[in-house]
Amino acid sequence: MSERRTWADRKSEIMSRPGAGAAYEAAKIRFELGEAVRLRREQLGLTQAELAERTGLRQPAVARFETGGAMPIIPMLERLAEALEMRLSVEFQPLCEAG
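This structure is a prediction, so every number in the text was calculated from the model and none was measured. (Residues numbered from 1 in each chain as written. Predicted model: local features only at pLDDT ≥ 70, side-chain atom pairs only at ≥ 80, totals over all residues. Heavy atoms only, no water.)

K.L.:
Explain the confidence of the model for the chain residue by residue, including any values.
P.N.:
Here the chain shows a mean pLDDT of 89. Residues at 70 or above account for 94%. Per-element confidence in the chain ranges from a low mean pLDDT of 77 for helix H1 (residues 7–15) to a high of 98 for helix H3 (residues 48–55). (pLDDT = per-residue confidence, 0-100. Helix = DSSP H or I, 4+ residues; strand = E, 2+ residues; numbered from the N terminus.)

Here is the structure:
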């Protein structure tokens, strides 16, 4: 029988693989962007279908984005920001400050 490991041990093992750090950071960005869109959409009382209509997207695309399943391009982020009555801000940060 194999030994059970904690999630921290498993994550550490995965992150030690070549390229894992970059993949993790890309997934983290997708998740954080999706969460921000979902929270703002809910704050405005919009459904995914209503947000999709405002942006010219389809509801499944909004759902996929909100769950971190899609890395958007800048024009898509601009459409989402406008539909959510927000201003898009994109910035570069030194790696030592990124968090």
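Picking up where we left off.
K.L.:
Talk me through the side chain of Glu66; I want residue IDs and the actual numbers.
P.N.:
In this fold, Glu66 is placed in helix H4 (residues 59–66). A distance of 2.9 Å separates the side chain of Glu66 from the side chain of Gln48, its partner in a polar contact. Setting aside residues up to four positions removed in sequence, Glu66 forms contacts with Gly34, Glu35, Val37, Arg38, Arg41, Gln48 and Leu51. (Polar contact = N/O pair within 3.5 Å; in protein donor to acceptor, adjacent residues only side chain to side chain. Contact = heavy atoms within 4.5 Å.)

K.L.:
Provide a residue-level description of the pattern of salt bridges, including the pertinent values.
P.N.:
Summed over all chains, the structure comprises four salt bridges. For the salt bridge of Glu85 with Arg40, the shortest nitrogen-to-oxygen distance reads 4.0 Å. With a gap of 45 residues between them, Glu85 in the segment after helix H5 (74–83) and Arg40 in helix H2 (residues 20–43) connect regions that are remote in the sequence. By relative accessible area, which is 18% here, Arg40 ends up buried. The shortest N-O distance in the salt bridge between Arg41 and Glu66 comes to 2.6 Å. You can see Arg41 sitting in helix H2 and its partner Glu66 sitting in helix H4, a full 25 residues away along the chain. In this pair, the class of Arg41 matches that of Glu66, namely buried. Ionic contacts of the salt-bridge type, sharing partners, join the residues Arg40, Arg54 and Glu85 into one network. (Salt bridge = Lys/Arg side-chain N within 4 Å of Asp/Glu carboxyl O. Buried < 20%, exposed > 50% of the residue type's maximum accessible area, 1.4 Å probe, protein only.)

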